[in-house]
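Each chain, letter by letter, is given below.
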Amino acid sequence: MTTAVQPYLVKPDRRFVEAVVARGGGDLKRCFQCATCSVVCELAEGNRPFPRKEMHWAQWGLKDRLVADPDVWLCHQCGDCSARCPRGARPGDVLAAVREQAIRHYAVPRFLATWANTGATLPLVLLIPVVLLAAALLARAPLENAIPFGAEHGFYAEFFPHWLLIGFYGLFTGLACLAAVVGIVRFWKAMRAADEAQEGYAPAVGIVSSLWRALRSIVTHDRFAKCKAQAPRRSAHLMAFYGFLALYVVTLWAVLDLYVNPYVFGLASLYPFGLLHPMKVLANVGGVLLLVGCVKAIADRRRDAPGAAAGTAFDWIFVWLLLAVGVTGFATEVFRFTVDPATALASVAYATYFVHLVVVFQLLVYLPYSKFAHLLYRTVAIVYAEHTARRRPLLAAPAAVRSLPTPATAAAGVGGGQGRSADTDVLMRPSERL
Amino acid sequence: MEQTLAVYVCRGCDIGSSLDIEKLRTVATGELGIERVRDHPCLCGAEGRELIRQDVLAGVTTPVVAACSPRCMTEAFTFDGCRTERVNLREQVVWTHEPNHEDTQALAEDYLRMGVARAQKAERPEPFQAPVDKTILVVGGGVTGMTAALDAAAAGYDVVLVEKAPRLGGRMATFSRAIPHRPPYRDPVLPDVAAQVAAVQAHQRITVHTGAAIERISGQPGQFDVSLRTNGTATAFRVGAIVQATGWRPYDASRLGHLGYGRSPNVITNVQMEVLLGSGKLLRPGDGKPARRIAFIQCAGSRDKDHLPYCSGVCCRVTIKQALLARQLDPEAEAYILYKDIRTPGQYEDFYRRAQEDPGIFFTKADVTGVDATDDHDLRVTAEHTLLGDRIQVAADLVVLATGMVPVAADGEALRRYQDAKAVVAKGEAGAQLETATQTVEALHHLEGTGILNLEYRQGPDLPALRYDFPDSHFICFPYETRRTGIYAAGAVRAPLDSQLAREDGSGAALKAIQAVELAAQGAAVHPRWGDMSYPDFFLQRCTQCKRCTEECPFGTLNEDAKGTPQPNPIRCRRCGICMGACPERIISFKDYSVDIVSSMIKAVQIPDETEEKPRLLGFLCENDAYPALDTAGLRRLKYSAHIRFIPVRCLGSVNIVWIADALSRGYDGILLIGCRSGDDYQCHFIRGSELMQTRSSNIREKLKQLALEEERVRLEQIPITDVARLPEIINEFAAQIEAIGMNPFKGF
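Residues numbered from 1 in each chain as written. Chains lettered and ligands numbered in written order. Predicted model: local features only at pLDDT ≥ 70, side-chain atom pairs only at ≥ 80, totals over all residues.

## Considerations on the overall build of chain B
Stage number 1. Along its length, chain B carries 20 helices and 30 strands.
Stage number 2. Its C-alpha atoms put chain B at 100 × 65 × 60 Å along the principal axes.
Stage number 3. When contacts within chain B are restricted to residue pairs at least 6 apart in sequence, long-range pairs at least 24 apart make up 70% of them. (Helix = DSSP H or I, 4+ residues; strand = E, 2+ residues; numbered from the N terminus. Contact = placed C-beta atoms within 7 Å.)

## Notes on the overall build of chain A
Stage number 1. For chain A, the helix and strand inventory stands at 20 helices and one strand.
Stage number 2. Looking at chain A as a whole, 38% of its 434 residues are labelled buried.
Stage number 3. The contacts in chain A between residues at least 6 apart in sequence include a share of 74% that link residues at least 24 apart. (Buried ≥ 20, exposed ≤ 12 C-beta atoms within 10 Å, placed from the backbone.)

## As for the pairing of strand 8 (residues 212–218) of chain B
All names here are of chain B.
Stage number 1. In this structure, strand 8 lies alongside strand 9 (residues 224–230), joined through six bridges in antiparallel fashion. Residue pairing in the sheet places Arg216 in a bridge with Ser227 of strand 9.
Stage number 2. Here strand 8 folds back onto strand 9, and the loop between the two strands holds five residues, one of which, Gly219, carries a positive phi near 100°. (Pairing = 2+ DSSP bridges.)

## Thoughts on the interface of chain A and chain B
Stage number 1. Counting residues at the interface gives 20 residues for chain A, matched by 21 residues for chain B.
Stage number 2. Those elements giving two or more residues to the side of chain A that touches chain B turn out to be strand 1 (8–10), helix 1 (14–22) and helix 3 (52–59) of chain A.
Stage number 3. Of the residues contributing to the side of chain A that touches chain B, the split by class is eleven nonpolar, four polar and five charged.
Stage number 4. Two elements, strand 1 of chain A and strand 19 (residues 391–396) of chain B, share three bridges in a ladder whose sense is parallel. (Nonpolar A, V, L, I, M, F, W, Y, C, P; charged D, E, K, R; others polar.)

## Some thoughts on the environment of Glu163(B)
Residues and elements named next belong to chain B.
Stage number 1. With respect to the helices, strands and loops of the structure, Glu163 is situated in the loop between strand 6 (159–162) and helix 7 (194–202).
Stage number 2. Sequence separation of Glu163 and Thr230 is 67 residues, and the distance between their C-alpha atoms is 9.6 Å.
Stage number 3. When near neighbours in sequence (up to four residues on either side) are disregarded, Glu163 contacts Gly140, Gly141, Leu168, His209, Thr210 and Ala212.

## Looking at unusual backbone geometry
Residue and element names in this part refer to chain A.
Stage number 1. Going from Phe50 to Pro51, the amide bond is cis rather than trans, its omega being 0°.
Stage number 2. Inspection of the secondary structure assignment puts Pro51 in the loop between helix 2 (36–40) and helix 3.
Stage number 3. Cis geometry marks the peptide bond from Val108 to Pro109; its omega dihedral reads -10°.
Stage number 4. Mapped onto the elements of the fold, Pro109 is located in the loop between helix 7 (91–106) and helix 8 (110–116).

## Regarding the sheet that holds strand 7 (residues 206–209) of chain B
Residue and element names in this part refer to chain B.
Stage number 1. Read from one edge of the open sheet, five strands run 7-6-5-11-22, paired in parallel fashion. Across the chains shown, the open sheet's two edge strands, defined by having one partner strand only, are strand 7 and strand 22 (487–489). Strand-to-strand twist in this sheet, taken as the mean axis angle between neighbours without regard to direction, amounts to 20°.
Stage number 2. Across three bridges, strand 11 (residues 241–244) lies against strand 22 in parallel orientation. In the sheet register, Ile242 faces strand 22, and the bridge partner there is Ile487.
Stage number 3. Strands strand 5 (136–139), strand 11 and strand 22 of the sheet are contacted by helix 13 (residues 499–522), whose axis makes an angle of about 165° with strand 11. (Axes fitted to C-alpha atoms, helices over the stretch in contact; angles between N-to-C directions.)

## Here we look at the pairing of strand 29 (residues 670–675) of chain B
Taken residue by residue, a regular strand's side chains alternate between the two faces of the sheet.
Residues and elements named next belong to chain B.
Stage number 1. Counting buried positions along strand 29 yields six of six residues, so the element is predominantly enclosed.
Stage number 2. With burial as the criterion, each face of strand 29 is covered, one bearing Gly670, Leu672 and Ile674 and the other bearing Ile671, Leu673 and Gly675.
Stage number 3. In the classification by handedness, the crossover that spans strand 29, the intervening helix 19 (residues 689–706) and the parallel strand 30 (residues 714–718) is right-handed. (Right-handed = clockwise from strand over helix to strand, strands pointing away.)

## Observations regarding the sheet that holds strand 4 (residues 85–88) of chain B
Residues and elements named next belong to chain B.
Stage number 1. The four strands are arranged 2-1-3-4 in an open sheet whose pairing can be described as parallel. Among the strands making up the open sheet, the edge pair consists of strand 2 (36–40) and strand 4. Taking each pair of neighbouring strands and ignoring which way they run, the sheet shows an average axis angle of 20°.
Stage number 2. Along the sheet, helix 2 (residues 21–31) contacts strand 1 (5–10) and strand 2; its crossing angle with strand 2, the most-contacted strand, is approximately 160°.
Stage number 3. Here helix 3 (residues 46–57) sits on the sheet in contact with strand 1, strand 2 and strand 3 (62–67), set at roughly 165° to strand 2.

## Section: the packing of helix 13 (residues 233–265) of chain A against helix 14 (residues 278–302) of chain A
Residue and element names in this part refer to chain A.
Stage number 1. The contact between helix 13 and helix 14 brings their axes to 7 Å, and the two run at 150°. One finds that helix 13 runs roughly antiparallel with respect to helix 14. Our pair here, helix 13 against helix 14, has a crossing hand that is left-handed.
Stage number 2. In terms of residue class, the contact of helix 13 with helix 14 is made up of 19 nonpolar, four polar and three charged. (Parallel < 35°, antiparallel > 145°, perpendicular 65-115°, else oblique. Left-handed = near helix turned anticlockwise from the far one by under 90°.)

## Some thoughts on the domain arrangement of chain B
How big an interface is tends to be stated in terms of accessible area lost as the parts join.
Residues and elements named next belong to chain B.
Stage number 1. When its domains are assigned, chain B resolves into domain 1 (1–124), domain 2 (136–247 + 450–522), domain 3 (252–407), domain 4 (537–589) and domain 5 (593–749).
Stage number 2. In this complex, domain 1 contributes 18 residues to the contact, which on the side of domain 5 involves 20 residues.
Stage number 3. Looking at the side of domain 1 that touches domain 5, the elements with two or more residues in it are helix 4 (90–94) and helix 5 (102–121).
Stage number 4. Counting residues per element, the side of domain 1 that touches domain 5 draws most heavily on helix 5, at nine residues.
Stage number 5. When the residues that make up the side of domain 1 that touches domain 5 are grouped by side-chain class, the tally is five nonpolar, five polar and eight charged. (Domains from an automatic or database assignment.)

## Re helix 7 of chain A
The periodicity of an α-helix, 3.6 residues per turn, causes residues three or four places apart in sequence to face the same way.
Stage number 1. For helix 7 of chain A, which comprises 16 residues, the first-to-last C-alpha distance of 22 Å matches the rise-based estimate of 22 Å (1.5 Å per residue) to within 8%.
Stage number 2. Buried residues dominate helix 7 of chain A, accounting for 15 of its 16 residues. (Expected span 1.5 Å × (residues − 1).)

## A word on the domain arrangement of chain A
All names here are of chain A.
Stage number 1. Partitioning chain A into structural domains gives domain 1 (11–108 + 388–432) and domain 2 (121–382).
Stage number 2. The partner domain 2 presents 40 residues to the 38 residues of domain 1 that form the contact.
Stage number 3. Broken down by secondary-structure element, the contributors of at least two residues to the side of domain 1 that touches domain 2 are helix 4 (63–67), helix 5 (71–74), helix 6 (80–84), helix 7 and helix 19 (407–411).
Stage number 4. If you tally residues by element for the side of domain 1 that touches domain 2, the top one is helix 7, at eight residues.
Stage number 5. Its residues placed into classes, the side of domain 1 that touches domain 2 shows 20 nonpolar, nine polar and nine charged.

## Description of the packing of helix 3 of chain A against helix 7 of chain A
The geometry of a pair of packed helices is captured by two quantities: the angle between their axes and the separation between those axes.
Residue and element names in this part refer to chain A.
Stage number 1. Across the interface, helix 3 lies against helix 7 with an axial gap of 10 Å and an inter-helix angle of 60°. Judged by the angle between their axes, helix 3 and helix 7 are oblique. Both helix 3 and helix 7 take part in a crossing whose hand is left-handed. Contact residues: Glu54, Met55 and Ala58 in helix 3; Pro91, Val94, Leu95 and Val98 in helix 7.
Stage number 2. Split by residue class, the contact of helix 3 with helix 7 holds six nonpolar, no polar and one charged.

## Re the environment of Ala76(B)
Residue and element names in this part refer to chain B.
Stage number 1. Among the structural elements, Ala76 can be located in the loop between strand 3 and strand 4.
Stage number 2. Looking at Ala76, the number of C-beta atoms within 10 Å reads 18, which means it is partly exposed.
Stage number 3. Considered as a pair, Ala76 and Gly48 are 28 residues apart in the sequence and their alpha carbons are 9.8 Å apart.
Stage number 4. In this structure Ala76 touches Cys44 and Arg49, once residues within four positions along its chain are discounted.

## Focus: helix 11 (residues 162–197) of chain A
Stage number 1. Its 36 residues give helix 11 of chain A an end-to-end C-alpha distance of 51 Å, which sits within 8% of 52 Å, the value for a rise of 1.5 Å per residue.
Stage number 2. What helix 11 of chain A keeps buried is the set Phe168(A), Ala179(A), Ala180(A), Gly183(A), Phe187(A) and Met191(A).

What follows is the structure in structure tokens.
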């Protein structure tokens, strides 16, 4: 069987290795291929379990294989592998670093991904929305004179009219969507080409059905629930996920309320919503969820727990940005209900609103370039995995393999067999790295 | 010498309560005619020992102590100026048989008879005294040899160090850097050979001969006469013991054509890589371009049934060292290490980690299937079963084959065959013999000039090549041991190892050489019969020149004269008695161990009448493993048939078949021979004991046929010393089998 396959010419890429090492995979080279990671991983299934092979590819700098590998995206970085790795090679962190490299690889234009995820260039990247928003404000009056827009309501619209807001963000998120689509298509093609070159591309489930299964999995976070070492990450992610989703729905509804309902359905616009309007309630609940989720994620990352993620600029920029969106959003709302537009305080409110607009730009428009792109690639990878039945095991795993003691079971004296808990011996905390 | 025997029966340790001591005394006084017979409740105590001591002072020359096993209380029952005979009533009688039973009593009485018979015939050995030179000859001036020389000299012994190369240092001196041998085990270190060379040269007790070859070594430990040729000049001197530290050479890479060797100049061995690294420039031998992509193929010709079946244990660390050095020389260079398993035992794991940290060093497990060269000197390494893919290729500028170590040792036995055949050809004898000899000369022609020690030994001019061609004889029991007494192998010629272990070997072998000369001076045996003063005596007037003794001695003790008469070299002897067992004329004997002594013991046993339905079995037990195992069975109170009488033998190979014939004609019903395991993983202290017995047993079968007896009456068993539980089973099973066959018809004749 092996001789039928053409030999794969390995092109070791030291630069790629160095990039992975520099971006959170610093312990990559320690791996000596024992496969403990793949054995303890609750998510690795099927006949091509991860992260052992990814560790090996990354050690050799085989970027072409890694960016075309759906498995790196099936990892939720729960840290079980990092906690159990006998050499402290931290496969979880390596896979996170590889994902960043994949996002950069598929980004169009690529430099944006580099700038957006590097501390030194971050101010420059932030400056872009500042300049663009300032330019939009300057262009407002001439535009208003040129095009007759509908009446505006309320407080912030005096400062930044809704039509301008929607036009501005519509344009730039549209561009981002274009970049996202290009990235997704290239990713899909790369995964397919890799399978064709190796074991064959054999779709087993239709695309619609695969998409449905992927969405069901994402909505329930069922795979996240299998994590052991970093189980609390699931709740943080769930809150941020649903918080963001709620806010996104409210924003869409606001656009509909302003520009679609009155003209298409003849419904009176209720904007700006009162505090008891269902959409306002949803927005506030979502905002709180987002804030709590972000704060919890930051706290979890800072905790020196077994298998805790290393935390790179790539991670921190995204989570702090999400928090900033929530905080500036709430501040903006509070000012709206408390500040008299006639007073000087209004300028503070407008400034806060401006900052909010900048961070929202940063979050949405830079989505394909930041860690937020995991939303795209992970979803696509899950769909692809369902589509090609990647997770279907060739052989049923023996039960014993799956019942290694975990921190929870070992502490409770179950699963591990002996009373002596395995976690103190085996689990590696970030501060105890070799 | 006139002997005065006295019998002492101990009543302690259950002996008194399990046997009728009075009846035992009657056997000694009445039947055996011993005047002085005493019993004591605790013979090994101060009072009991004093009792014997007083008798010895009063003229007793041979106290026969019927008590515990001779393996216990040896010191307690040793008295100045006399030989103590021991009768094992405890482990092999009362602890293993039903107390106060008539069969147990008969067993004890027989053992007493056998002990007295032996005591009457055995003499106290007189050591072989000869002038002994205590100089140590060290052959090989590498790290092993230099360490051996320095350590022996530091212990106060004169040393002669012989090196064939023009200067000392060996292979390590040719390496620019070595594997780190101490914490933190991270970076290659300087080999540190120069300091050792200087120390050797400065030492007053060490005489160094470089550019030297050994022409001839004759004699025996303490009296080795060495002829040396140094740059055309001959010298001769005498030494007492020899350490062979001739080191290693790399496996012949020309046999590794499938890995590209010989097909591209850019495929080199790890030894060639050392030279390249030492030059300070990493240039491809093929075209002088910088070698930036270096592929290391591990286990090149190692752990491979078609090449070297073993692991040399160092190549992984050598490759790691070379990869790190290459990266130091050229930061743009990359090393790809394709391995079966990385073997960096113990703390050397940190050295492996160090290489792993380097982003320019890549490791993968792989089965390399081939190396191909493209037109422009580039190389492609193809491998299977990697995690990078089922079949991969790696492009490389330079391929380094991590070849293993082969001992620099001559095959003494093959050399002997070659020399014998040459002698036949030279004589010009006619017929089939000449034809065979001519063929042998042709087949072994490559051995011409490979001799190293050039010993004047009948069994070959060098150490025999053993497992994987290493001359190491019995590492598990006796490290540095070879099959030639007083000659010790150390370093890479003994086993593949690194320079640190080679140094340890040098120290160990120096100590063994010192033991050898010191024991030679006392006239005592070296291990395993450490301190034994007896040695074989040859009554040559009756020798028929059958050469069995010279052929069968596992240690090459005996030379032959032109007619084939054995020429004993007592200091080479390990006192196993294999020659005694081999001799059909029964002319070889030790003062305390001979064909006659054992025959007397066999005859001392009372054989019951056929009508008594009590069979008598005889057992020969190897003293080294089977006898202690049977004692242990006693400690565990395991029970076995009381019909068997055991005689301990120095080695099963010392059993002369005349004993078996004697026993069968005396009316014994069966004979059980228990020795050590033979074969590749033999446990025999004298290497071939059970094996020789096996060969001789075909003669025994012939004998049985002549006597019209069943073949099953003689059985050979091999057990390890640990197989205590199986021993009673073997005995009982044999007893049952003999019972089924029936009584020996020769009883009463």
